[in-house]
Amino acid sequence: MELKQHFITTNRPFREGSVEVFQQNISTQNVKKATLTITALGLYEVELNGKKVGDALFTPGFTYYPRHLYFQNYDVTGMLNAENILTVYLAQGWYCGRFTFNNKVQIYGKCPAVSWILTVEDQAGMHRYYSDDASVKAIASPYEYAGFYDGEVYNQSREQEIFRPVKFTGHVPEIIEESTLHVRIREEMPLQTVTKHSDVTILDYGQNFAGIICINPSKMQGNQLKLRHGEILNPDGSLYTANLRKAKAETVYHKGSGIYRPRFTYMGFRYVELSGVEYEDGLLTAYAIYSDMERTGYFTCDNPLVNQLYSNQIWGQKSNYIEVPTDCPQRDERMGYTGDGHVFAHTGAYNFNTEAFWDKFLKDIRYSQEANKEGYVAPTLPAPPGEQGIGFMSMLGWGNCVCIVPEMLYWHFGTDRYIREYYDCMKRFVECEIRKMGGILGKKDLWIQPSLGDWLAMGRDVKYMAMHNGPVSNAFIVNDLRIMVWAATLLGKTDDAEKYAAQLEKTRAAYIKTFVKKDGTMKDDYQGAYIMALKMVIPAGDLRNKVYTNLTERIRRDGMQTGFFATEHILPLLAKNGDDKLAFDLLLDEHCGGWMYQIKAGATTTWERWDALRPDGTVNETKMSTDNMVSFNHYSFGSVGKFYYQYILGIQPLEPGFSKIKIQPHIDNRIGAFRGNYKDIRVSYDGEKLHLSTPADTTVILPDGTVQEVSSGNYIFSVKESVNEKI
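Fair warning: this is a prediction, and the values are worked out from it, not measured in the lab.

The rules behind each value
- Residues numbered from 1 in each chain as written.
- Predicted model: local features only at pLDDT ≥ 70, side-chain atom pairs only at ≥ 80, totals over all residues.
- Heavy atoms only, no water.
- Helix = DSSP H or I, 4+ residues; strand = E, 2+ residues; numbered from the N terminus.
- Buried < 20%, exposed > 50% of the residue type's maximum accessible area, 1.4 Å probe, protein only.
- Axes fitted to C-alpha atoms, helices over the stretch in contact; angles between N-to-C directions.
- Left-handed = near helix turned anticlockwise from the far one by under 90°.
- Contact = heavy atoms within 4.5 Å.
- Nonpolar A, V, L, I, M, F, W, Y, C, P; charged D, E, K, R; others polar.
- Expected span 1.5 Å × (residues − 1).
- Bend = angle between axes of the 7 residues up to and from the residue.
- Patch = residues over 30% accessible without salt bridge, like charges linked within 9 Å, V, L, I, M, F, W, Y side chains within 5 Å.
- Areas by Shrake-Rupley, 256 points an atom, 1.4 Å probe, with all protein chains shown as cover.
- Salt bridge = Lys/Arg side-chain N within 4 Å of Asp/Glu carboxyl O.
- Lys, Arg positive; Asp, Glu negative; His and termini not counted.
- Charge placed at Lys NZ, Arg CZ, Asp CG, Glu CD.
- Pairing = 2+ DSSP bridges.
- Core = buried A, V, L, I, M, F, W, Y, C linked by side-chain atoms within 4.5 Å.
- Polar contact = N/O pair within 3.5 Å; in protein donor to acceptor, adjacent residues only side chain to side chain.
- 1 Å grid on protein atoms, 1.4 Å probe; cavity = no way out; pocket = protein on both sides within 12 Å on 5 of 7 lines; lining within 4 Å.
- Points joined across faces, edges and corners; volume = space filled by probe spheres on them.
- Disulfide = S-S within 2.5 Å.
- Phe/Tyr/Trp six-rings, centres within 6.5 Å; stacked < 30°, edge-to-face > 60°.

**Structural notes on unusual backbone geometry**
For step 1, the next point in the chain: In this structure, the amide linkage connecting Thr59 to the following residue, Pro60, adopts the cis form with an omega of 10°.
For step 2, the next point in the chain: Relative to the helices and strands, Pro60 resides in the loop between strand S6 (56–57) and strand S7 (68–75).
For step 3, the next point in the chain: Residues Leu381 and Pro382 are joined by a peptide bond in cis, for which omega reads -10°.
For step 4, the next point in the chain: Topologically, Pro382 is positioned in the loop between strand S29 (380–381) and helix H5 (401–413).
For step 5, the next point in the chain: For Gln106, which is not a glycine, the phi torsion comes out positive at approximately 55°.
For step 6, the next point in the chain: Secondary-structure assignment places Gln106 in the loop between helix H1 (93–96) and strand S9 (113–122).
For step 7, the next point in the chain: Exposure remark for Gln106: the relative accessible area of 26% places this residue in the partly exposed category.
For step 8, the next point in the chain: One non-glycine residue, Ala249, lies in the positive phi region at around 50°.
For step 9, the next point in the chain: For Ala249, the location among the structural elements is in the loop between strand S21 (239–240) and strand S22 (250–254).
For step 10, the next point in the chain: Using a relative accessible area of 2% as the deciding quantity, one classes Ala249 as buried.

This is the structure:
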């Protein structure tokens, strides 16, 4: 790859947040075609004659830099004049800027670097202009600071020492390929209210989201302004920012020319605090940003609270599908979490076409895993460089993403490509799980080690889960073994299928013996243990019936008390076993610990903690290590979206890619009429009849149990009489 030869940086001593700016003058005549090929270790944005090239943000993207990097190609034919100025901004980004909850710098390298090739075909022939040409110079940067956590300080008139461009001598990744997925500016977010509060102004956009604020200097009655971003307000109406931890999440803008748009940062917010100038209409414009993904799923019903929850999980996905499946968009974290990612993966794949998003993240998994001496998949990816082994906690439930997501992609998008391409990654991870069985606690065929278990379940703190995570953690191992048997069989790997089938039976038997009592109670008696055992481990039969009965007794007694992993499965498990009313009771529960509690508290995205905002109105700032941990925009509990699609609308695949479909809606009068779709599969219920439009052969199971087989077409079913009419 020719780009590898042309990386440049400057000789500036490292300073966190600095941004370099390079310029190249180019003369052309009668251009026939011009292409700019560019990449960076860090973040770049490029302008040609003062206009941004392309519409992607945070290019070239976040990857495992020791091995892998993306580049972009731009057709700039129509942007060239006779005399041209190419301007390239280079920021530190994920590569060497401040990142991770440890707030580290220089994680992947000592300084950012950029490489480009401008290929111009004109009447004189073919010309190439390189980033390391003598014609490239460094110019003064308008940025005093730019970083993901603290934001930007922008001053076009500042005087700054200029450091000359030099050849980059650091490590360049072996694999450089063209990107296919980009973060872009999406919806303009309408401003809802403007409130004067002491000497600042509070702007409410009415929706928590990940995005940026653009500034129009022609509307400024002053020379400098500051924007601070937050998700909620304090009781006195001021901006709440304690949950941002070490992230400043602010913009400091010195008046200049032209619309200012943040290039190298984004924020998670609903509210903005403006200081330094008075607000005028048109001064600020907010935009949501997220990765490329086409909307494929919709839902609405007569119950406004149920609709709001659906909207919340949509916005949770938009806010956290930014290059990688992040945990949250606001605080000093925003890392690619494998556990959060797979928990929401099924819901997300109904909401949007996420195949390209997961295609990219599976590459991050592969390259990070190859650097892990134990073959493990880390809880956050792309992982820091080096041989990262397993620490004090196993973090089971997170790295299992490597097995869970390829299976999800198979069923949702009808392709075995990811099973084939990532089979070796899945196998390495499962082999690691098998090697860890036994261990110092001596449970043969199980991996017993402290971990997070059903993370953030109500009533169970970290210490409890660390010592009682076994039934959750090992349920994931059983599930991984099941997936490996299925994948090996699918790919014709008979020896592997037999090997993992034998281990599956041994681990399942050990699990039941260790964690499940004969009367169907779990030895670690919390709801997540019951749910994960039922979902992933215990086969049909008397014991399973007993475990299920014990679970429902606890739900009726205690309400829902599930965490990150079990929440995805609780409502589907109840509905699948005929407890529709109990499932809808939980969905509609307005007490603390349920989804509707968040809605009643004004949430517009799902929260990290069920009690992020306590009933007394205070924020749950319980510390994890030395910092609080409370996000109001975490999508994990938004995995309830799968229940909307698969059980309320009843849309499920019977064959990969929905080439054959099952429709089995679950109706509850408390949500009233409903309608929705996944792609071309459309379902609606008007209170008496079920309307279906299906593109493929479909098995329809009506609420009274009547089963009907239909081909593609439009149908109306009488729910009470179970009679259908083809239109």
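**Digging into the packing of helix H13 (residues 580–588) against helix H15 (residues 641–648)**
For step 1, the next point in the chain: The interhelical angle for the contact between H13 and H15, taken along N-to-C directions, is 150°, at an axis separation of 13 Å. Considering only the axes of H13 and H15, their crossing is left-handed. Residue-level contacts link Ala583, Phe584 and Leu587 of H13 to Phe643, Tyr644 and Ile648 of H15.
For step 2, the next point in the chain: Among the residues making up the contact of H13 with H15, the classes are represented as six nonpolar, no polar and no charged.

**Brief notes about helix H3 (residues 338–351)**
For step 1, the next point in the chain: Its 14 residues give H3 an end-to-end C-alpha distance of 19 Å, which sits within 8% of 20 Å, the value for a rise of 1.5 Å per residue.
For step 2, the next point in the chain: Along H3, the largest kink reaches about 55° and is centred on Ala345.
For step 3, the next point in the chain: Here H3 lies mainly inside the structure; 13 of its 14 residues are buried.

**What about a positive patch on the surface?**
For step 1, the next point in the chain: Together, Lys443, Lys513, Lys517 and Lys523 line one region of the surface with positive charge.
For step 2, the next point in the chain: Summarising the element assignment, Lys517 is placed in the loop between helix H9 (494–515) and helix H10 (527–536).
For step 3, the next point in the chain: The class for Lys517 is partly exposed, based on a relative accessible area of 39%.

**Brief notes about the sheet that holds strand S8 (residues 83–91)**
For step 1, the next point in the chain: Taken together, five strands build an open sheet; the order of strands is S5-S4-S8-S2-S11 and the sheet is antiparallel. The strands lining the two open edges of the sheet, one partner per strand, are strand S5 (51–52) and strand S11 (137–139).
For step 2, the next point in the chain: As judged from the eight bridges shared by strand S2 (residues 20–27) and S8, these two strands associate in the antiparallel manner. Bridge pairing in S8 places Val21 opposite Tyr89.

**Concerning helix H8 (residues 470–490)**
For step 1, the next point in the chain: Taking 1.5 Å per residue as the helical rise, H8 with its 21 residues ought to reach 30 Å, and the 30 Å between its terminal C-alpha atoms agrees with that figure.
For step 2, the next point in the chain: Positive backbone phi, approximately 75°, marks Gly492, located one or two places after H8.

**Quick word on the sheet that holds strand S32 (residues 651–653)**
For step 1, the next point in the chain: A sheet is described by the order of its strands in space; here four strands give the open sequence S32-S33-S37-S38, paired in mixed fashion. The outermost strands of the open sheet, each flanked by one partner alone, are S32 and strand S38 (707–710). Across this sheet, the average inter-strand angle for adjacent strands is 20°, counted without regard to direction.
For step 2, the next point in the chain: In this structure, S32 lies alongside strand S33 (residues 661–663), joined through three bridges in antiparallel fashion. Residue Ile651 lies in a different strand from S33, and its bridge partner there is Ile663.

**Some remarks on the nonpolar core**
For step 1, the next point in the chain: In this structure, Phe58, Tyr205, Trp358, Leu587 and Phe643 are the most contacted members of the largest nonpolar core, which totals 208 residues.
For step 2, the next point in the chain: Apart from the residues lying within four places of it in its own chain, the contact partners of Trp358 are Tyr321, Pro325, Gly341, His342, Ala345, Cys401, Val405, Met408 and Leu409.

**Digging into the side chain of Gln646**
For step 1, the next point in the chain: Within the element layout of this structure, Gln646 appears in helix H15.
For step 2, the next point in the chain: Exposure remark for Gln646: the relative accessible area of 11% places this residue in the buried category.
For step 3, the next point in the chain: Within polar-contact distance, the side chain of Gln646 engages the side chain of Tyr350 at 3.1 Å.
For step 4, the next point in the chain: Discounting chain neighbours no more than four positions away, the residues touching Gln646 are Tyr350, Ile651, Gln652 and Gln664.

**A closer look at the pattern of salt bridges**
In a structure, side chains of opposite charge can pair up when their charged atoms sit close to one another.
For step 1, the next point in the chain: Inspection of every chain in the model, using the stated rule, returns 46 salt bridges.
For step 2, the next point in the chain: Asp75 is the partner of Lys33 in a salt bridge, and the nearest nitrogen-oxygen pair spans 3.8 Å. In this pair, Lys33 is assigned in strand S3 (residues 33–41) and Asp75 in strand S7, connecting sequence segments 42 residues apart.
For step 3, the next point in the chain: Relative accessible area serves as the criterion here: at 42%, Lys33 is assigned to the partly exposed category.
For step 4, the next point in the chain: A salt bridge links Asp132 to Lys167; the nearest nitrogen and oxygen atoms lie 2.8 Å apart. Taken as a pair, Asp132 in the loop between strand S10 (125–130) and S11 and Lys167 in strand S14 (residues 165–167) lie far apart in primary sequence, 35 residues in all.

**Here's the deal with empty space enclosed by the protein**
For step 1, the next point in the chain: Following the criterion strictly, the structure yields six cavities of 30 Å³ or more and no others.
For step 2, the next point in the chain: For the largest cavity, the calculated volume is near 90 Å³.
For step 3, the next point in the chain: The wall of the largest cavity is formed by 14 residues, among which Gly97, Arg98, Ala146, Gly147 and Phe148 lie closest to the centre.
For step 4, the next point in the chain: With three residues, the single largest contributor to the lining of the largest cavity is strand S12 (residues 143–147).
For step 5, the next point in the chain: Here the residues of the lining of the largest cavity sort into six nonpolar, five polar and three charged.

**Structural notes on the state of the cysteines**
For step 1, the next point in the chain: What the rule picks out here adds up to zero disulfides.
For step 2, the next point in the chain: Cysteine Cys96 is unpaired, with the sulfur of Cys111 as its nearest cysteine sulfur at 6.7 Å.

**Focus: the packing of aromatic side chains**
For step 1, the next point in the chain: All told, the structure shown has 53 aromatic pairs when counted by the stated rule.
For step 2, the next point in the chain: Both rings, one in Phe148 and one in Tyr266, keep their centres 6.0 Å apart while their planes meet at 70°; by these two values the pair is edge-to-face. Of this pair, Phe148 sits in the loop between S12 and strand S13 (151–154) while Tyr266 sits in the loop between S22 and strand S23 (267–275), and the two are 118 residues apart along the sequence.
For step 3, the next point in the chain: The class for Phe148 is buried, based on a relative accessible area of 4%.
For step 4, the next point in the chain: For Tyr266, a relative accessible area of 3% puts it in the buried group.

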